[in-house]
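Here is what each chain is made of, one letter per residue.
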Amino acid sequence: LGRCRKLQMVAFKSNGISRIHPNSLGPQMRWLILTDNAITSIPSSIGKCKILQKLMLSGNKIVELPNEIRQCQNLELVRLSSNNLRAPPMA
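Everything in this summary refers to the structure shown in the same document. (Residues numbered from 1 in each chain as written. Predicted model: local features only at pLDDT ≥ 70, side-chain atom pairs only at ≥ 80, totals over all residues. Heavy atoms only, no water.)

Before going further, it helps to spend a moment on the pattern of salt bridges. Applying the stated criterion to the full structure yields two salt bridges. Its salt-bridge partner being Lys54, residue Glu76 comes within 3.8 Å of it at the nearest N-O pair. Linking Glu76 in the loop between strand S3 (54-56) and strand S4 (77-79) with Lys54 in strand S3, this pair joins segments that are 22 residues apart in sequence. Overall, the relative accessible area of 57% leaves Glu76 in the exposed class. (Salt bridge = Lys/Arg side-chain N within 4 Å of Asp/Glu carboxyl O. Helix = DSSP H or I, 4+ residues; strand = E, 2+ residues; numbered from the N terminus. Buried < 20%, exposed > 50% of the residue type's maximum accessible area, 1.4 Å probe, protein only.)

Set out below in structure tokens:
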């Protein structure tokens, strides 16, 4: 998906996805919706999604977010309910 230069919105709900390939997140991504999967971690390459506005990851198995998520300064909505977070995001 990272090669789709105009792709701005991705949604894969309830697909059993367990991993996000680091190269699948392009800098043009605005919405990333991966709810109700089996994702355990978010790649640090999320930091290159500088115009990301909506990040919906509820219903996964995520234990922590990468520090690079701080580079996503256009985030308007983040949903992380029903995960395994060890600490509040960006604590």
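As a further point, take the side chain of Thr35. Relative to the helices and strands, Thr35 resides in the loop between strand S2 (31-33) and S3. Aside from chain neighbours lying at most four places away, what touches Thr35 is Phe12, Lys13, Ser14, Met56, Leu57, Ser58 and Asn60. (Contact = heavy atoms within 4.5 Å.)

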